[in-house]
Amino acid sequence: MTPETLFGLSLFPYLGFLWFLTRLARHGTADQPAQMPRLALIGFYMTLVFVGVTIPAGIYAKVRYGEALANVDWLHGGAEAFLTLANVLVVLGFRQAIGVAKQRETHGAIAGEMASALAAPEGDDSTAPQQKNG
Amino acid sequence: MHALSIPTWMIHVSSVIEWIAAIWLIWTYGEVSRNPAWRALSFGMLPALISAMCACTWHFFDNSPALEWLVMLQAATTLIGNMTLCAAGWWIWQSRKDTPIA
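The structure displayed is predicted, hence computed values, not measured ones.

Looking only at helices and strands, one finds three helices and zero strands in chain A. Overall, chain A shows an N-to-C arrangement of helices and strands of α-α-α. Out of the 134 residues in chain A, the part that is buried amounts to 36%. Contacts in chain A between residues far apart in sequence, at least 24 positions, make up 60% of those at least 6 positions apart. With the model as given, the accessible surface of chain A reaches about 8,000 Å², and the carbon-plus-sulfur share is 64%.

Given below as structure tokens:
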């Protein structure tokens, strides 16, 4: 058992994670927007890009310098920058989504009262866009 | 801590701070969207944070071969962490029908 083996194995549950989040990002209607913020989803996908980058970077460090990636600073930092970028997108995505959710909290009550006045039944599929089954 | 340059250290520290911020924001998102299932993701992101700490500790000690066990621990917590992420994703997916319409 090596770290490389464990890192390699860890990819599979991560893909499972992305699978569920992607479904949550698509699963939205007019009444209730998708629960997973799109920008944050992009961030979690970007983490895969980071992982992908470390592979050729690690190979190059070994072949060119005879060292582990962690010991070739410009390659190490350069690869790690992709993770920083990915995490920034996750942060921005959820920050944005919190703002949107708070807006709905404020204005949703008003919209809700209007809907009751018009006696529109909850989950009226005749007006709502077709809900995709992810 | 001389194995890494200052810019590379900044990149590492930024990543860790961002991950912590994400954990916090996701918790808050669960509150404002009235779906406590998101808390599972906040918790699920903790093993990855431990993994990051292992990596940074190893870097701090100049990637010492004597501390290679930190790399093994980093890899193990990454595997565990990705499984907890997947579990959290599943849990949130399962919970989606229960969320009240705002």
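The subject of this paragraph is the layout of surface pockets. As a volume, the largest pocket reaches approximately 1,500 Å³. Around the largest pocket, the lining comprises 44 residues; the ones closest to its centre are A:Phe7, A:Phe50, A:Thr54, B:Gln74 and B:Thr78. Elements represented by at least two residues in the lining of the largest pocket include exactly helix 1 (3-26), helix 2 (38-65) and helix 3 (73-117) of chain A together with helix 1 (6-32), helix 3 (46-60) and helix 4 (68-95) of chain B. Taken together, the residues that form the lining of the largest pocket break down as 25 nonpolar, 16 polar and three charged.

A few words now on the packing of aromatic side chains. In the structure shown here, the tally under the stated rule is 12 aromatic pairs over all chains. With a centroid separation of 6.3 Å and 80° between ring planes, the pair formed by A:Tyr60 and A:Tyr65 is classed as edge-to-face. Through pairs of rings, three or more aromatic residues link up here, namely A:Tyr14, A:Phe17, A:Phe44 and B:Trp19. Taking the ring centre of A:Tyr65 as reference, the NZ or CZ of A:Arg64 above it sits at 4.9 Å. For B:Arg96, the ring lying beneath its charged end belongs to B:Trp93, and the centroid distance is 3.4 Å.

In this complex, chain A contributes 44 residues to the contact, which on the side of chain B involves 44 residues. The interface formed by chain A and chain B holds zero salt bridges in total. Linking chain A with chain B are 14 residue pairs in polar contact (both at pLDDT 80 or more), by the criterion used here. Of all the secondary structure elements, the ones that give two or more residues to the side of chain A that touches chain B are helix 1 and helix 3 of chain A. With 19 residues, the single largest contributor to the side of chain A that touches chain B is helix 3 of chain A.

A separate point is a nonpolar patch on the surface. A cluster of nonpolar side chains, A:Leu9, A:Leu11, A:Phe12, A:Leu15 and A:Val51, forms an exposed patch at the surface whose accessible area comes to about 420 Å². For the nonpolar patch, the element with the most residues is helix 1 of chain A, which contributes four residues.

What counts as what
Residues numbered from 1 in each chain as written. Chains lettered and ligands numbered in written order. Predicted model: local features only at pLDDT ≥ 70, side-chain atom pairs only at ≥ 80, totals over all residues. Heavy atoms only, no water. Helix = DSSP H or I, 4+ residues; strand = E, 2+ residues; numbered from the N terminus. Buried < 20%, exposed > 50% of the residue type's maximum accessible area, 1.4 Å probe, protein only. Contact = heavy atoms within 4.5 Å. Areas by Shrake-Rupley, 256 points an atom, 1.4 Å probe, with all protein chains shown as cover. 1 Å grid on protein atoms, 1.4 Å probe; cavity = no way out; pocket = protein on both sides within 12 Å on 5 of 7 lines; lining within 4 Å. Points joined across faces, edges and corners; volume = space filled by probe spheres on them. Nonpolar A, V, L, I, M, F, W, Y, C, P; charged D, E, K, R; others polar. Phe/Tyr/Trp six-rings, centres within 6.5 Å; stacked < 30°, edge-to-face > 60°. Lys NZ or Arg CZ within 6 Å of the ring centre and 35° of its normal. Salt bridge = Lys/Arg side-chain N within 4 Å of Asp/Glu carboxyl O. Polar contact = N/O pair within 3.5 Å; in protein donor to acceptor, adjacent residues only side chain to side chain. Patch = residues over 30% accessible without salt bridge, like charges linked within 9 Å, V, L, I, M, F, W, Y side chains within 5 Å.

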